[in-house]
Amino acid sequence: MSRGASPNRGCDRVPNEALAEALFALSEAEPPGDRRLALLRAGYAAFDTAGGARPAALADAPDWLRPLIEQLAACRGADAVAAAVGRLAGGRPLRPRATRSGFLARSAIAEILRRGPSELHPRRLRGACHWHTHDSDGKAALAAMARACAEKGHAWSLVSDHSRGLEVASGLDREGLRLQRGRIARWNRERGDEHRVFQGLEVEVLADGTLDVPHGERLEVSCVLAAVHSHFDPDRDQTDRLLRAVATPGVHVLAHPRGRHFHHRQGLRARWEKVFAACADHGVAVEINGFPRRQDLDADLARVAVAAGCDLMLGSAGCDLMLGSDAHAVPHLEFDAYAAAIAMAAEVPRQRVLNVRHADEFEAWLNDR
Ligand SMILES: [Zn+2]
Ligand SMILES: [Zn+2]
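The rules we used
- As a convention, each chain's residues are numbered from 1 in the sequence order in which they are written.
- Chains carry letters from A onward and ligands carry numbers from 1 onward, assigned in written order.
- Per-residue local features of the predicted model are confined to residues with pLDDT of at least 70, and side-chain atom pairs are confined, for both listing and counting, to 80 or more; whole-chain, interface and lining totals are unaffected and use all residues.
- Side-chain measures were taken over the full set of non-hydrogen atoms in the model, leaving aside hydrogen atoms and water.
- Helix and strand definitions here come from DSSP, where helices need a minimum of 4 consecutive H or I residues and strands a minimum of 2 consecutive E residues; each element is numbered from the N-terminal end.
- For this measure, only C-alpha atoms enter the radius of gyration; the expected value for a globule follows 2.2 Å times N^0.38, where N is the number of residues.
- Only protein chains enter the area calculation, which uses a 1.4 Å probe; residues under 20% of their type maximum are buried, those over 50% are exposed, and those in between are partly exposed.
- The contact rule is simple, with two residues in contact once any of their heavy atoms fall within 4.5 Å.
- Note on areas: Shrake-Rupley with a 1.4 Å probe; residue coverage comes only from the protein chains shown.
- Just so you know, the count uses Lys and Arg for positive and Asp and Glu for negative, and it drops His and the chain ends.
- To locate a charge, take NZ of a lysine, CZ of an arginine, CG of an aspartate or CD of a glutamate.
- In this listing, donors mean N, O and S atoms no farther than 2.8 Å from the metal, or 3.2 Å for Na, K and Ca; water is missing from the atoms, so a site can look incomplete.
- Under this scheme a four-donor centre is tetrahedral when all angles range from 85 to 135 degrees, a four-donor centre is square planar and a six-donor centre octahedral when opposite donors are above 155 degrees with the rest from 65 to 115, and any other centre is irregular.
- Axis definition: a line fit to C-alpha positions, over the contact stretch in the case of helices; interaxial angles, taken between N-to-C directions, run 0 to 180 degrees.
- The hand of a helix crossing depends on one turn: near helix anticlockwise from the far one by less than a right angle means left-handed, and clockwise means right-handed.
- When residues are grouped by polarity, Ala, Val, Leu, Ile, Met, Phe, Trp, Tyr, Cys and Pro land in nonpolar, Asp, Glu, Lys and Arg in charged, and all others, Gly among them, in polar.
- For two strands to count as paired, DSSP must find a minimum of two bridges between them.
- By definition here, a helix of n residues has an expected span of 1.5 Å times n minus one.

Chemist: Would you mind showing me how to read the overall build of the chain here?
Modeler: Each helix and strand in the chain was counted, giving 14 helices and 7 strands. Expected size for 369 residues packed as a compact globule is a radius of gyration near 21 Å; at 21 Å, the chain falls within 12% of this value. C-alpha extents for the chain along the principal axes are approximately 60 × 45 × 45 Å. Looking at the 369 residues of the chain, the share that counts as buried comes to 55%. Sequence-distant contacts in the chain: of pairs separated by 6 or more residues, those separated by 24 or more amount to 76%. Counting every atom, the chain has about 15900 Å² of accessible surface; 50% of that belongs to carbon and sulfur. Positive and negative charge centroids in the chain, built from 49 and 49 side chains respectively, lie 4 Å apart.

Chemist: For this particular structure, what's the right way to read the coordination of the zinc ion (ligand 1)?
Modeler: Octahedral metal centres with six donors ideally show angles of 90 or 180 degrees, and tetrahedral centres with four donors ideally show 109.5 degrees. Donor atoms from the polypeptide that coordinate the zinc ion (ligand 1) comprise E202 (OE), H229 (NE2) and H256 (NE2), at 2.0 to 2.1 Å from the metal. The sequence motif formed by the donor residues of the zinc ion (ligand 1) is E-x26-H-x26-H. Here the zinc ion (ligand 2) and the zinc ion (ligand 1) are spaced 3.5 Å from one another, each receiving a donor from E202. With a gap of 27 residues between them, E202 in strand β3 (residues 196-204) and H229 in the loop between β4 (223-227) and α10 (239-246) connect regions that are remote in the sequence. With respect to class, E202 is no different from H229; both count as buried.

Chemist: Whenever I open this one, the coordination of the zinc ion (ligand 2) confuses me. Can you help?
Modeler: Here the zinc ion (ligand 2) is held by H130 (NE2), H132 (NE2), E202 (OE) and D326 (OD), and the distances to it run 2.1 to 2.3 Å. For the zinc ion (ligand 2), the 4 donor atoms in the first shell make angles of 84 to 174° at the metal, so the coordination geometry reads as irregular. Between consecutive donors of the zinc ion (ligand 2), the numbers of intervening residues give the motif H-x1-H-x69-E-x123-D. For H130, a relative accessible area of 0% puts it in the buried group. Residue D326 is classed as buried on the basis of its relative accessible area of 3%.

Chemist: It is not clear to me how the packing of helix α6 (residues 106-115) against helix α13 (residues 336-345) should be interpreted in this structure. Could you clarify?
Modeler: Axes are the key here: two packed helices are described by the angle between their axes and the distance separating the axes. Across the interface, α6 lies against α13 with an axial gap of 9 Å and an inter-helix angle of 60°. Like other packed secondary-structure pairs, α6 and α13 cross with a definite hand, here left-handed. On α13, the residues touching R106, I109, I112 and L113 of α6 are A337, Y338, A341, M344 and A345. A class-by-class count of the residues in the contact of α6 with α13 yields 8 nonpolar, no polar and 1 charged.

Chemist: Looking at this structure, I do not really get the sheet that holds strand β1 (residues 127-131). What am I missing?
Modeler: Hydrogen bonds between backbone atoms are what pair the strands of a sheet, whose relative direction is either parallel or antiparallel. The strand order β1-β2-β3-β4-β5-β6-β7 describes a closed barrel built from 7 strands, whose pairing is parallel. Two elements, strand β6 (residues 285-289) and strand β7 (residues 321-327), share 4 bridges in a ladder whose sense is parallel. What sits directly across from I288, in β7, is L323. Each of β6 and β7 touches α13; the most contacted strand, β7, lies at about 150° to it.

Chemist: Is there a simple way to think about helix α1 (residues 16-28) in this case?
Modeler: End to end, α1 covers 18 Å across 13 residues, agreeing with the expected 18 Å (1.5 Å per residue, within 8%). Of all the 13 residues making up α1, 11 are buried; the element is thus mostly covered by neighbouring parts of the structure. Of the surrounding elements, those touching the buried residues of α1 are α2 (34-48), α3 (53-59), α4 (66-73), α5 (78-88) and α6.

Right under this line is the structure:
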């Protein structure tokens with residue numbers, strides 16, 4: 001992510017999110033085909049740029065789409081662009097999709113990082129958490145990912161490949177984990193002073209809240225991240241499922257708690273105060289997953305997690321938070337910037353964030369669970 005970039009400089013009058021949303025909404029008013037796809041692409045270009053939305057959306061737009069982008073970008077503010085979309089879509093009011101609400105455009109992330117406070121700036125994070133290797137569905141070897149984390153200036157990192165329960169991601173079985181542990185031990189012998197790698201495992205929370213990896217096997221890895229990747233049934237309140245998962249002995253982190261996915265899935269419905277209070281009770285950290293299409297937690301829920309279980313009378317301390325990139329390739333390691341920006345926007349106190357701790361402190365935290 002380019003850190004100095006400021007959105008909407010110069011002639012851009014419409015916030016990037018608003019221009020992207022307009023293009024997404026117009027794409028939905030089209031029947032499936034090339035026009036719909038072009039609008040969708042332009043929307044993503046506007047959403048994913050750290051600079052101005054207009055030039056990004058125009059960059060690969062076909063000729064027929066360019067005047068429309070210019071027209072939308074010339075609107076004065078988000079309300080005007082929404083009204084323009086309503087007119088263009090035949091007078092129907094623009095209904096923002098719930099699956100897109102609460103996501104920050106890359107330009108907004110850049111702006112938050114620019115404003116600070118700087119104590120959670122990605123450059124100041126000691127630990128790089130939640131990344132994958134080609135031991136499950138990542139695109140790079142462990143050593144390449146660890147090297148990239150070290151080069152970014154991190155003192156330690158937490159590899160978190162999938163357990164075998166997630167069939168689509170061809171996860172690690174016990175033997176695979178053992179082999180990976182050997183690679184980690186070799187790395188730590190050779191370069192551990194400069195950059196220490198911890199072994200995590202992203203295990204599946206099954207429909208009933210049990211985990212797909214038995215207790216004895218979980219004990220063999222340093223950090224267990226419990227995560228939901230299936231059974232998102234929007235009609236079901238999933239509080240009990242999550243409560244059971246975070247109460248399971250040996251769970252360290254509740255990863256991407258909602259399981260939402262930009263444009264596709266709103267994520268789990270649960271009584272989050274209750275889930276986070278249980279996390280605080282059991283000493284389970286809650287992740288802010290910075291993968292741009294996840295952003296899970298968002299800033300609103302991160303605030304709830306920080307306040308959860310905070311009972312001044314009893315002196316309980318609320319949840320710890322882990323900032324994760326969920327990187328599946330070296331360039332994705334930059335996504336910890338999204339997580340950091342969300343934490344900044346939620347005003348998460350620095351001492352609640354595991355990534356700012358020294359490797360020894362993080363290890364002590366792991367051993368304490
Ligand atoms: Zn996951
Ligand atoms: Zn993951």
